[in-house]
Amino acid sequence: MAAASAEEAEGAASVRAVDEAVGETSDLKAIATAVIEVDDVTKVYRMGSVEVSALRGVTLSVDRGEMVAIMGPSGSGKSTLMNILGCLDRPTNGVYWLDGVEVSKLGDDQLAEIRNKKIGFVFQSFNLLPRTTALANVELPLLYSNGKDKRKRSLEALARVGLAQRSRHHTNELSGGEQQRVAIARSLINNPSIIIADEPTGNLDSRTSEEIMAIFDELNREESITIILVTHENDIARHAGRIVHLRDGVIESEEVLTP
Amino acid sequence: MNPLEALKMALRALTANKLRSALTVLGIVIGVGAVIGLMSIGRGIESAITSQIKSIGSDLVFVRPGAVSQQGVRTAQGGAVTLTLEDARAIADPNRVTVATGVAPQTNFPSPVVAGGQNAFTQIVGVTPEYFDMLSYTPADGETLSQQHVDARSRVAVLGSSVAEILFPNGDAVGQTISMRQMRFRVIGVLSSKGGGGPGNMDDFIAVPLTTLSSQLQMLRTARGEIRVQIINVKVDSSENIDIAKEQIAAVLRERHNIIGEDDFTITSLNDLIAAFTQVTQIMSIFLGSIAGISLLVGGIGIMNIMLVSVTERIREIGIRKAVGAKRRDILAQFLFESMVLSLSGGVLGIALGWLMSKGFSSFRGPTGQTTPVMITPDIIILAVSVAAGIGLFFGIYPASRAAKLDPIQALRYE
Ligand SMILES: Nc1ncnc2c1ncn2[C@@H]1O[C@H](COP(=O)(O)OP(=O)(O)OP(=O)(O)O)[C@@H](O)[C@H]1O
Ligand SMILES: [Mg+2]
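What counts and what doesn't
- Residues numbered from 1 in each chain as written.
- Chains lettered and ligands numbered in written order.
- Predicted model: local features only at pLDDT ≥ 70, side-chain atom pairs only at ≥ 80, totals over all residues.
- Heavy atoms only, no water.
- Helix = DSSP H or I, 4+ residues; strand = E, 2+ residues; numbered from the N terminus.
- Rg over C-alpha atoms; globule rule 2.2 N^0.38 Å.
- Contact = heavy atoms within 4.5 Å.
- Near = heavy atom within 4 Å.
- Polar contact = N/O pair within 3.5 Å; in protein donor to acceptor, adjacent residues only side chain to side chain.
- Areas by Shrake-Rupley, 256 points an atom, 1.4 Å probe, with all protein chains shown as cover.
- Nonpolar A, V, L, I, M, F, W, Y, C, P; charged D, E, K, R; others polar.
- Buried area = accessible area lost by both parts, 1.4 Å probe.
- Salt bridge = Lys/Arg side-chain N within 4 Å of Asp/Glu carboxyl O.
- Axes fitted to C-alpha atoms, helices over the stretch in contact; angles between N-to-C directions.
- Parallel < 35°, antiparallel > 145°, perpendicular 65-115°, else oblique.
- Left-handed = near helix turned anticlockwise from the far one by under 90°.
- Phe/Tyr/Trp six-rings, centres within 6.5 Å; stacked < 30°, edge-to-face > 60°.
- Buried < 20%, exposed > 50% of the residue type's maximum accessible area, 1.4 Å probe, protein only.

Colleague: Can you lay out the overall build of chain B for me, pointing to particular residues and giving the numbers?
Modeller: Helices and strands together make up the secondary structure of chain B, namely 13 helices and 12 strands. Relative to the globule expectation of 22 Å for 415 residues, the C-alpha radius of gyration of chain B, 33 Å, shows a markedly less compact shape. In chain B, the proportion of contacts linking residues at least 24 apart, taken out of those at least 6 apart, comes to 77%.

Colleague: So what's going on with the site of ligand 1? Which residues, and what values?
Modeller: Taken together, 15 residues form the shell around ligand 1, and within it Ser74, Lys78, Ser79 and Thr80 of chain A together with Arg413 of chain B come nearest. Residues within reach of ligand 1 are spread across chains A and B. Ser74 of chain A is positioned such that a nitrogen or oxygen atom in its side chain is 2.4 Å from an oxygen atom of ligand 1. His232 of chain A places a side-chain nitrogen or oxygen 3.2 Å from an oxygen atom of ligand 1. Calculation on ligand 1 without its partners gives an accessible area of 630 Å², and the protein chains cover 71% of this total. Elements with a contribution of two residues or more to the shell around ligand 1: strand E2 (34-47), strand E3 (50-63) and helix H3 (78-85) of chain A. The dominant element in the shell around ligand 1, judged by the number of residues it contributes, is H3 of chain A, at three residues. Residues belonging to the shell around ligand 1 are distributed by class as follows: five nonpolar, seven polar and three charged.

Colleague: Lay out the interface of chain A and chain B with the relevant residues and their values.
Modeller: The interface of chain A with chain B comprises 21 residues on the first partner and 22 residues on the second. Of the roughly 1,900 Å² buried at the junction of chain A and chain B (both faces included), carbon and sulfur atoms supply 56%. Our count for the chain A to chain B interface comes out at four salt bridges. Glu5 of chain B is the partner of Lys150 of chain A in a salt bridge, and the nearest nitrogen-oxygen pair spans 3.2 Å. Along the contact surface separating chain A from chain B lie seven residue pairs in polar contact (both at pLDDT 80 or more).

Colleague: Go over the packing of helix H10 (residues 315-323) of chain B against helix H11 (residues 328-363) of chain B, please, and point to the residues and values.
Modeller: Residue and element names in this part refer to chain B. At a minimum axis separation of 10 Å, H10 and H11 run at an interaxial angle of 140°. With respect to H11, the axis of H10 lies oblique. Helix-helix and strand crossings are classified by hand; for H10 and H11 the assignment is right-handed. Note on element contacts: H11 touches H10 through Arg328, Ile331, Gln334 and Phe335, opposite Glu317, Ile318, Arg321 and Lys322. Classifying every residue of the contact of H10 with H11 by side-chain character gives three nonpolar, one polar and four charged.

Colleague: So what's going on with unusual backbone geometry? Which residues, and what values?
Modeller: Although it is not a glycine, Phe126 of chain A adopts a positive phi angle of roughly 65°. Relative to the assigned elements, Phe126 of chain A resides in the loop between strand E7 (119-122) and helix H5 (134-143).

Colleague: Tell me about the packing of aromatic side chains, residues and numbers included.
Modeller: Enumeration over the complete set of coordinates arrives at six aromatic pairs over all chains. An angle of 20° between the planes, with centres 4.7 Å apart, marks the rings of Phe121 of chain A and Phe123 of chain A as stacked. For the residue pair Phe121 of chain A and Phe123 of chain A, the accessibility class agrees, reading buried in each case. Arranged with centres 6.3 Å apart and planes meeting at 75°, the rings of Tyr131 of chain B and Phe205 of chain B form a pair that is edge-to-face. Of this pair, Tyr131 of chain B sits in helix H4 (residues 130-134) while Phe205 of chain B sits in strand E10 (residues 205-209), and the two are 74 residues apart along the sequence. Across the pair, Phe205 of chain B and Tyr131 of chain B agree in class, each one buried. Three or more aromatic residues link up through ring pairs in this structure, and these residues are Tyr131, Phe132, Tyr137 and Phe205 of chain B.

Here's what the structure looks like:
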């Protein structure tokens, strides 16, 4: 239903790489398994008297277990969209359904709860607490959900990203790739169904980027975690099953990749 | 977020900036220390003076001529001398005033006194033998007045210790002669000192038989020749019966003086004096306390200042916490805990400082060699701690709510 209206909204302007037959079947699948559905979402930033339209009507549906890459030139609204998808921000207009809940209507505390439990966010600049151990950083979300076995779960999460032996290190003593792995461990701690990653490899060299992508691939493949990531690099985007191209705040095109 | 975690977090944040935290705490330490120190000194002085008053006897009531109306002084106390020795005898009747155990009428008359080469200006106090016992005067030398002296209107005198020192520096007062108002009196005793100097000196008087004094001075008798008295001291069997005594004495005097309206006498007890005095010392305590309170306020502003700085420095941290699910109240609690830990640790250290201050004060000796006791009572400590906690809360709430209100995206983008 949402996918159909998305097609209408985009109209002839958007170049769809998806062929009609695949579109039909994915429509049915979307009804059954779409975990994220945004419908005609806009975002307007007001800076004094100047208004900036960062998003101008984005309609997108992401299935459970999908890995989607979002690409587009700088300033096209990728981060703005990710912040909305990650429940860090609210759309100015439009509707966002997450797991059947209309989150565009929720209050700050409810959004905080969703960020804590359902979504793992990975940033380009890692956003770890400095002068704090890797372990304490990974534990941080548990502090706000009164989780049990904090230590044990955090160590497990660090082990999943291959950093168990570095748990006592302060984050500023770690390399960029290690820091990003700590951030991924932190995003995994509450077993989220979705990971939102805004240029997760933007600050890393290509070899480290591949290591990080290997972790994402494994999480997506083995645990069916839905992953949406922003990237400027085609090599990184190739890991996804679908690439969404954004330009000037609207979806310009989508391409489905066959593995 | 559970409180233990919040406390750990606050301690970690505060120890990350040890010097800054210590200086902030110092403001509260000084404030709380000043409150505790000054209040305990105030309490100490109050209790010292109260106990001195009580040492005279809290079981005494004093009847004076003249009335005080409720609107203020109507007739000055003692202005119209309307009490007589007969009134005192009536009060002494155990069937009328059942709770009285002793009655001592008294007349004061200021006069110069000469003895040998020395002279002094003092109170001549006309009394009966009961006086000494009732006001706890004991002879250091010789004896006090007897009933015979009173009945015979003997010209004998008992000297208060300070008068004795002035008139007889050699200490050989007993048996000597003193003269006042052209009358000569033989000294039969010297009283031991009650202590305390200055205007409240209770050893600066000469006691003579009431009858002797009033027979010599026309003004101390009524037109009908009755002996006037200025104070009737009444000892009551126990301090709980003070009010009963006051009523019974008033009943006797109203009947004797045929009073229908306003009384022409006033009955006071030491409790009234203590109450009046307590009021004065309480005002003093409040005054000292509010001076100390101002320094506490300054300390609180210091906390607020540091918390605002701390929030600004940690905007990115707040953004990260919010991004991983911290709610407003979590951030609020985090910063409130920090300001509370600052102010409460300041409070605890301040109690120690106040205690040291009052110890120092109490070991300081006054001009007469006496030390001033100080009292740190639990209520002062409870007050100081709750004020410190209140300050942490009050001055912490604004910075904390500023932190809590931050938008996660903007906080994350903050450099
Ligand atoms: N907080 C904000 N206030 C005002 N304008 C903003 C704000 N955030 C983003 N914008 C504007 O919205 C537009 C989209 O920004 P966004 O950060 O989403 O771009 P992006 O696609 O992520 O770019 P990049 O690839 O450089 O990260 C830009 O024009 C930007 O200037
Ligand atoms: Mg961006």
